[in-house]
Each structure stands twice: as C-alpha cells, then as structure tokens.
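Examining the three-dimensional arrangement
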Amino acid sequence: MPTASSPPEPRRRLGEHGLAWAFLLPSVVVFALFILYPLGRTFYLSAHANDLFGAPSRYVGMKHYTDLLSSADFRHTLVTTALFVLFTVVPGVLGALLLVLLMESRIRGVRLLRSAFALPFAFSVASASVVFSVFYNPASGVLNGLLSNLGLGPVGWLTDSKWALLSVAVSTIWMNLGYNVLVLSAGIGSIPGEITEAARLDGASGLRLARSITVPMLGPSLFFLVVISTVNALQSFGQIHILTRGGPDGSTRTLVYSVYEKAFAYGSSDFGTASAQAVVLMVVVLACTAVQFGVLERKVHYA
Amino acid sequence: MTTLTKAPEVAEPARAARRPLQLRARLGRAGVYAVLAVAVLTVAFPVYYVFAGAFMRPDEIASYPPAMVPHSVTGQNFSGAVHAIPLVRQYGNSVLVAGLITLAQLFTSVLAAYAFVFLPMRGRAVVFGLFLATLMVPWEAIIIPNYLTLSGWGLGNTYFGLVLPFLASGFGTFLLRQSFRQFPGELRDAARIDGAGHWRFLWRILVPLNKPALAALAIYVFLSSWNQYFWPLIITRTAEMQTLQIGLSSLRDSEMADPGLILAGVVLSLLPTLALVLFGQRFIVRGLTAGAVR
Amino acid sequence: MKRSSRALAALLVSGLALTACSSTGSGGSSDDSGAPAASALDQASGVTTIEFWHSMTGKNAEALTALVNQFNTAHQGKIEVKPLFQGTYDDLIAKYKASVQQKATPAVVQVYDIGSRFMVDSKQIVPAQAFADKDGYSLEDLQANIRNYYSFGGKLQSMPFNSSMPLLYLNEDAFKEAGLDPAKPPTTLAELGDMAKKLTKKDADGKTVRYGFGAAIYGWFVEQLLAENGALYCDSDNGRSGKAGKAAFDSAKGAEIVQWWADLVKGGYAANTGRQTTDAQAAFKAGTVAMHLESTGVLRGYTEAAKFTVGTAAFPKTAADDQGGPIIGGASLWISGPGHSDAQKRASWEFEKFLSAPEQQAAWHTGTGYFPVNTKALDLPADKEWVAKYPQFQTAISQLKATKPTTATAGCALGVMPQARKGVETAIEQTIAGTKSAQQALSDAAKELQPAIESYNSSVG
C-alpha cells in the first residue's frame, strides 16, 4: 500500500470494518445471487433429470456426463469448438500483428489506416453477423456475385457443411480485427521510442526490427490477445445463432451453442443435459486459460 | 520484471552493403503499401457495402451479380426497417439497459475498490481473490440457472431481468483498485486532516481525480452491455422489450426483410459505436486494454 | 423501470390470488379434467377475466386483436379476455412450462401443432370435447382433417384456430418460358424432378440463373410427403392409439424422399438455401427458383411481392398410387384446468367457440391467409370474395377436401416432435453433403432420437 497513515484508534477502526463490508455488500449480493448460486445450481441441475416442465425431478448422478462422453454428437461438438478456436484465434492475432507491423514501417497515412482497420470494432456481434448473412446469401449475396464475375462458384457459404464453420470463422475474424489492431497498436505505442530508435540507428529495419525488437516487446499485448481471443471464441454464440443455428448437419454447433440448443431451442427445456454441457464448457475455458498462463506467459517479456 | 535479453543482438552492425539495402528497402516499401492496400479494401469493404446497400432499391440489391454503387439514393429501406420492427423503441431499450448497467457497475465497483484500498478489512486478500474468481466463471456456463431464477421471479421480459445480473463486476473493482492504489498518500492525509470522512473523501476527491480510469471503465462496460446477445435473446420475448441487437437478428428472420432493409437497420444501430470508434479511439483503447496492464 | 415494477406488483398480487384460490377452491371445484356446466359462468358475479397467451405477430396479431375486442365487447361486464403475446411458439412453450411449475398457467393458450402431444401429457388441460359433450355442442362444422389432427383417442383435445397446409408453388412465367403448361403441374416427385430439370436455366457461362426447384430444408415437408404416401412417421399409429415409443420415418419410403431431394440438389436442379425458410422464400420471390414448397400462409405475400404470375398446385405425392394427403399445420387453443375457476373454464370455452365460428374464421382467413377451420366460413360472402381475389387458394380447399382423415394424415403426435423434425433436417443435410446415404442418415437420426423419446415418456410416467 502506497498510502501511509497514522494508526487510528480502535473504535474508529471498528466502524471502518463495518463500513468496508457495507461498501462490499452491493457487489457481494450480486455475485452471490448471479454467479455463486448459479454456479452451484448448474452442478445440481447437471446431476438431475427433468420432469415434463423442465424442473429437476430425480437424482441421476453422473448419468448426463457419461451420456455425453458416449455421444458421437457431443464429441463432434467438442471437435467443432476446437476448430472454431483454431480458425479464429490464429489468423485473427497473426493478421492483426502483420497489419500493425506493416504500419510501423514509417509510411504515410498511418492514422487513417489505423482508423480504417479499427472500423469493424464498431460492429456488435449481431450487426456483424447480420451483415455477413447478407453477404453469404447463396442466391443474392455479394460474395457469390463477385465470384461469378471471376467465373467461379456459387459456394454454399453457410449451407454447405464443408464451408459453414470457415465462413462463420471469417466473419468472426473480421469482427475482432478492429479490436486486435487497437490493442496491438497501443502495445506498440508503449514501446519506449529510444529502443526502436537505437536499433534503427544500428541499421536494423523491416523484418529484423520486427523480429528482434517489436514482436518481443509486444509480448504482453500478444499474450493478452491470445488469451482473450481464445476465451471469446470458446464463448461465441451470436454469430452462430444468427448465421447457421449450429447447422448444416451440426457443422457449426459449438459447445455454447449446444448448451443453448438443449436448454432453450425447440421448446426442449432439457436443463439437465444442457447443464452438464455447461460444466464441460466451464472446465474447457478454465483449462485453456490455465494452460496459456502456464505455457505462454513464461515466454513473454515484460518491459 | 524480466529484462530484455535480446537487446545486444540488435546492436550488431548491419552486415549488408548500403546500396542494395536501399533498393531492397524501396521495393519492400512498395510491397508494404500493396499489402496494406489490399488489407484496407478487404476490411473496409463490408463497412462500405453496409452503407451502399442501405440506400439501394430492393431490385438493385437483389440483382445478380449485385450492384456495388446505389444508382439512385433511396430512404425507403430505413422507413421499412423502422416499420418492420419497433427499432426506435429497441434503440431506447439498448441505451437504457446499457446505461443502467454502466452506472450501477461504476457505483458498486467504486465502493468495493474503495473498501479494498482505503478501509481495514480482515481477510482482505481472500475476499479480493474471490472477487477476481468471479472473472473466471464464463457467463454462458451459468446462464441456465440465471434464466430460471429471473423468470421464476417473474422478471422475464422486463428491464429488471435485463440488468439485474450485471449490476456488479469483479473486473471493474479490479481496475479501479489498481487506479486507487496510485493515489498519493499525502493528499489523502491532507483530506483527513481537513476533516473529510470516508464518504466525502471518496466522492469529492478520489472519484474526480480518477476520472480517466472511470471513463475507461464506463466505455468498456457500456460497449459490452450494448453488444450483449445471448442473455437478452433468452430473457426477452416481445419485440417491445428486446434490445437493438436482438431486433437486428429478428429483422433478418422476418418475412418482409430484404437485404436493403437489414442493412438499413444495421446502419442505424452502428451510429453511436461508429462515432466512438472514429472520435474516441483513445478512450476505447484505454478501456479495452485495461486488462492487459498488469 | 415502471413496467418491471408493475410486473413485480402483478406477481405479488397473483401470488396472493393463488393462495386464496387454493384455500377456497379445494372443496368447491369440480374434477379438473371434466368440463363445468354453463351455469358456472352464469352464476359468477362480476367480470370473469381470462388470460390468453399467443404467438401471433404483425398482420396476424392485428387480426387477432380485432377478434378479441369483438368478443370482449359482446360480453361486456361478463367476460374479459386479456391477450398476451409471448414470443415465438418455442418461447411460449418454455414460458408455459415455467407457468406450470409456478402454478400460474394462463386460462387459454395457443400452442403449435407439434406441441399437441406435450399439452395432452401435461395433464393441465380440459379437452374441448368435454365441453362440447356437456353442452351437446356439435363439432361437425370443424374441417374433418383439422379435427382429426387435434383429436386423441377419438376426442378433440383443443380448439383448432390457425391452420395451414403445404402447397406446391409455381412460377408460371418460368413454366411458359420452358415450354411447360402451368395448368399441368407435376403431381408426383418423379414428375417434379423431370420438370425441375426442364425449368433449370443456365446462362452462356454455364452459371445457373434459375433452379427448377427449391425449398427450405424443413422437416415439415418430409412429414407431409410421408403422409401423402399414407406412411406413418412414428409407431402406435402415429402416436394416436397410444404413446409413440419409436420413430418410423427411417422407412424405405422416407429414404426415397430424402434421396430424391438430395439428388435434385446434387444434380444442380434444386437450390439449397439451407434451413432458413425466409431464404428459400426470397429465392422464389426473386424468380431464381421455379417450383417451391411452402405453406398456404405465404400465398398473399407471394402474389404481392413477385413480379411473375404465382401459381399453386396440390402438394406432390411420392407416387401416383399414393392414398394419403397432407397434414394440417398451425396451432390450436388449449383450455387450462388446474388452478382455474369453473367460471374461467366456461369463459375460455365461450371464447374458443367464438373464434372457431364461421364469421370469425372468415375474418381470420381473409385477414391472415390461414385456412379456415370451420367449413361454413368458406360459404360466407366475404370469404368467397377473398378466394376470388386469390384463386390460387382454391387449390388448398380442394386438396383438403380430397384428403381422407386417417392416422397417417393426422400426423405424428410425439412428445419430442420438434427434435424429431430437426433430426430429419440433419439427415437431409447429410445426404446432400454425401456424407451418408439417405437410409443411413435417417436410421441414425431415429437412433439419436430414441433416448429423447424414452426420457420424455419416462418423465410423463
């Protein structure tokens, strides 16, 4: 604590203890009701079968979990989730890094460029997805229109199970690009000017400068982006709900979407199975974050 | 923390001869411009098309291959979108909901952060650890019980249902705690000598002096609430209670929607966030990268 | 915020009302599943208020509100119906399930066709037949096939309200251009396939500018085609003679239908616009698809939006010797028993009788495009005028008249019908993608559905 203060008298300290709890109370109540209780309740629901109306009816132990493990559908969901993370995180972070590095090579109009690359940030997941649904439209979409000018296509961007996940990933990469560029630009901006100047004076430029100075110095920002992008990808919902509803043939049904489908779609109210999947989701998110902190963080330079 | 270990490597003198390097640099520069130009066109095209398409006539936008530039500017898509769904009302809902969440989170986070920094507390580390732990729970994983709780209270399809779960934030507390800790001890002591109690010190001195951190948090919270999709999708049922984001999605699914109408809806929804991106980038970066500062 | 506090207040009040009800209602109320006599309403003092949940939006909601207002005016001081929109059919079912748990069901609720089995199993309702029997009220005017759909064990469970059926839609201009006669539309899948080939048009570069056929990947169409053939979709006579325990759509006929569809897409004669019905509709309206499967409900929208002459034909049969017909779709109105007073039940029944009467059904039909559930409605001048304006609708009328009510055309009553439909849609997608044969895809879908059926049946007990 940077603040130095004289030791107050005991009575006042007692009052201050009370005040501290009073100040924490609003947050604690919200967390207890909407995070802690639901957390426990999710585990509880996942161990119970539902009656006709979705209420937990009888204890079934680990049955929902063992059912999931033996379900080919659910394994497919896990694979789809992993692929979606891969398809969005890797190109999303590398693409943004490339753009930011190119903008660093002392060219004109950097500010304008930066603003242009930041534009997608203005789009919410819903607006971006709705726009891409117009683009991807098999019959009237602008994408197939452009392809047909080149004598190609038409491609069933969202209706062909070979393409759908990639198409959803592309819309996600585009949507997140603005944010990624903003974060990395800020990261570059915080690299002390003397370091890059010194390197430049020594004749380092272009790739060498990027490889030996900029990228290592961007470590914390890159690390942050990878963690955030992974967690975001694991929790992606809106784009899948708007673009494909998990189809065709389950090819875009990720873990979160599967939770939604079991719990809320088609009037199904299968809260037991959905809760078991939600627990799996939680474990996956926590495991990914932990692994990234364990593996990646050690390689990151903090200036 | 870790020192920069690779610095000496950079200090090596460039081995390549001077002249070819310049040529290579010039070629390289052209390449850089080319790559950036392609990238800008790719990234900005969707944005351009949203605006172009929003002003196209239905037959123009449905033509195959599609038109790229509107031949005659029409506003009919906008009136169509506003008629297809209660867009204005949904706009208001989004502003209200995101605004309420932002104000509430600022308030609860300021109080909690103050308690952590300036008030004595037994087990402070444990409690703060619990606050941080709330950040580790993915919202999607606990959405089912929350939905059941709030609909059980009869708050489905209400503003309460939309905002209640988001009135406090471990992230906001964390962020403000970082900021409050930087507060100079002398200033605080001076305030106490002047007879300022905790409440007055907090609102009269601390909060005004931490405006940048509060603004960053406010922008972050507002944007994430504004962009919410999963929760408003399941907790609302009627078009009148839905937020703009859900409205856009239902506009796409509605039977009278053609691409122009959808894009017009998107244009309307973009106005506030686009203004923020174009004119308030600095604040956004501060707010959004706050988590990166460790 | 005002709205929410009102909701809270309403919640408190209804909670109080509920406890009041249960303390007084336990002795006096008649058997929950039986219908009270008309006297229950006559003896009730003051206004009997009933809550009515529905899923109608846009034009349909306007037409419904007009009917409700008409009813309320006619029963001023006696009955008041409070219509409450509850989102999509799926949303409404979810909300309804919650209301059962909270013991606060609405008096009347509109539920989609495939939710019928669930409603019967919920044991929350008073069958329409019980009221009709008590009153000696004739249900003969209700269209026989529609009545058939909502009857279980020979008894009408709910009052049909908004009904629709599938049609084959034609782009008549495309027919003429291809040298085909729109007055001789295809009647079987084989014919439809042949014509689709003739109607498919490519430009100089070999790009397809018009597909012969195109429909949303919507399981409903497969259900319809199986019914046209007279085949069952699930066991126990489509769940009509008892609780269905197994899906039957994975038959050779089912595979033939799915294969036919996939072949057309793979051959380049059918557009695949995915599951989204609005995308398939857009393709037909834009003229990029010449033949198209859709419900009667979209007819008016098509004739107004399309720049070509829209024709209709009977929904195709799978083969020339098919003996079945289409299944009715849409939704019906259910009356709640437990937790509602006899006066409320009677008031609900009055409301349902009103909505299904000829004049109201004519107004409903002409205002929305739904098929009138009351055969007498079609004889009214207002209705005749409408059919004259949209002569394509005549196809639907004749099609239904020609259909004999059987267990096949009654449609499958499966508690997990929405999931079954989704499974069939996945099977179509898999067959189109070529990852599985039609037979394999359907068998897998049936296999995957089995646990859901069993868990549903066990939770009904």
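None of the values given here were measured: they were computed from a predicted structure. For every chain, the first residue of its written sequence is number 1, and the numbers climb from 1 along that sequence. In the order they appear in the text, chains get letters beginning with A and ligands get numbers beginning with 1. Confidence filtering applies because this is a predicted model: local features only for residues at pLDDT of at least 70, side-chain atom pairs given and counted only at 80 or more, and all residues used for totals across whole chains, interfaces and linings.

**Brief notes about the overall build of chain A**
What counts, and what does not: The way it works is that DSSP assigns letters per residue, a run of H or I at least four long becomes a helix, a run of E at least two long becomes a strand, and they are numbered from the N terminus. Put simply, the radius of gyration uses C-alpha atoms, and a globule should come to 2.2 Å times the residue count raised to 0.38. Think of it as a crowd count around each C-beta: if 20 or more other C-beta atoms lie within 10 Å the residue is buried, if 12 or fewer it is exposed, and in between it is partly exposed, with C-beta placed from the backbone throughout. Distance between backbone-placed C-beta atoms decides contact: two residues are in contact if it is within 7 Å.
Scanning chain A from terminus to terminus reveals 13 helices and 2 strands. Taking 2.2 N^0.38 as the reference for a compact globule, 303 residues should give roughly 19 Å; the C-alpha atoms of chain A span a radius of gyration of 25 Å, well beyond that estimate. Principal-axis analysis of the C-alpha atoms gives chain A an extent of 85 × 75 × 30 Å. Expressed as a percentage of its 303 residues, the buried residues of chain A come to 51%. Taking the intrachain contacts of chain A between residues at least 6 apart in sequence as the baseline, contacts between residues at least 24 apart amount to 69%.

**Notes on the nonpolar core**
As a reminder of what qualifies: Think of a nonpolar core as buried Ala, Val, Leu, Ile, Met, Phe, Trp, Tyr and Cys residues chained together by C-beta atoms that fall within 7 Å.
In terms of nonpolar packing, the biggest core is built from 302 residues, with Y114 of chain B together with V258 of chain C touching the most fellow members. Per-element accounting of this core gives the leading share, 14 residues, to helix α7 (residues 164-189) of chain A. Ignoring anything within four residues of it in the chain, the contact list for Y114 of chain B reads F23 of chain A together with L119, F180 and L202 of chain B.

**Observations regarding the UniProt feature "transmembrane region" (unreviewed entry) in chain B**
Residue and element names in this part refer to chain B. This is how it is decided: UniProt positions are given in the numbering used here, feature names are shortened, and annotations may be inferred rather than shown by experiment.
As annotated in UniProt, the feature "transmembrane region" (unreviewed entry) corresponds to residues 30-51, 95-119, 126-147, 159-180, 201-223 and 260-279 in the numbering used here. Span residues 201-223 is 96% helix and 0% strand, its end C-alpha atoms 30 Å apart. Helix makes up 100% of residues 260-279 and strand 0%, with an end-to-end C-alpha separation of 27 Å.

**Some details on the packing of helix α2 (residues 63-70) of chain A against helix α13 (residues 271-295) of chain A**
All names here are of chain A. Worth spelling out the cut-off: Fitted lines through C-alpha atoms serve as axes, helices being fitted only where they are in contact, and the angles separating the N-to-C directions of these axes extend from 0 to 180 degrees. Here roughly perpendicular refers to angles of 65 to 115 degrees, roughly parallel to angles under 35, roughly antiparallel to angles over 145, and oblique to all remaining angles. Residue polarity is assigned by list, with Asp, Glu, Lys and Arg as charged and Ala, Val, Leu, Ile, Met, Phe, Trp, Tyr, Cys and Pro as nonpolar; anything else, Gly included, falls into the polar class.
Viewed as axis vectors pointing N to C, α2 and α13 meet at an angle of 75°, and their least axial separation amounts to 9 Å. Overall, the two elements α2 and α13 adopt an arrangement that is roughly perpendicular. Contact with α2, carried on its side by H64, Y65 and L68, involves G272, T273, A276, Q277 and V280 of α13 and no other residues of that element. Within the contact of α2 with α13, the residues separate by chemical class into 4 nonpolar, 4 polar and no charged.

**Examining the domain arrangement of chain B**
Put simply, the rule is: Residue ranges assigned to each domain were obtained from an automatic or database domain assignment.
Each assigned domain of chain B is listed with its residue range as follows: domain 1 (18-84 + 255-272) and domain 2 (86-242). Spacing between the C-alpha centres of domain 1 of chain B and domain 2 of chain B amounts to 36 Å.

**What to know about the environment of A270 of chain C**
Residues and elements named next belong to chain C. Its place among the elements puts A270 in strand β11 (residues 270-271). The exposure class assigned to A270 is buried, which follows from the 26 C-beta atoms found within 10 Å. Those residues in contact with A270, other than ones at most four positions away along the chain, are A196, Y211, G212, F213, G214, L264 and V265.

**A word on the confidence of the model for chain A**
Note the cut-off: pLDDT runs from 0 to 100 and stands for how confident the predictor is about each residue.
On average, residues of chain A score 87 in pLDDT, and 91% of them are at 70 or above. When the elements of chain A are averaged for pLDDT, helix α9 (residues 206-217) of chain A gives the smallest value, 78, and helix α11 (residues 238-243) of chain A the largest, 95.

**A look at the interface of chain B and chain A**
With 81 residues of chain B at the interface, the matching set in chain A holds 87 residues. Of the residues forming the side of chain B that touches chain A, the biggest block, 14 residues, is contributed by helix α2 (residues 18-54) of chain B. By residue class, the composition of the side of chain B that touches chain A is 58 nonpolar, 16 polar and 7 charged.

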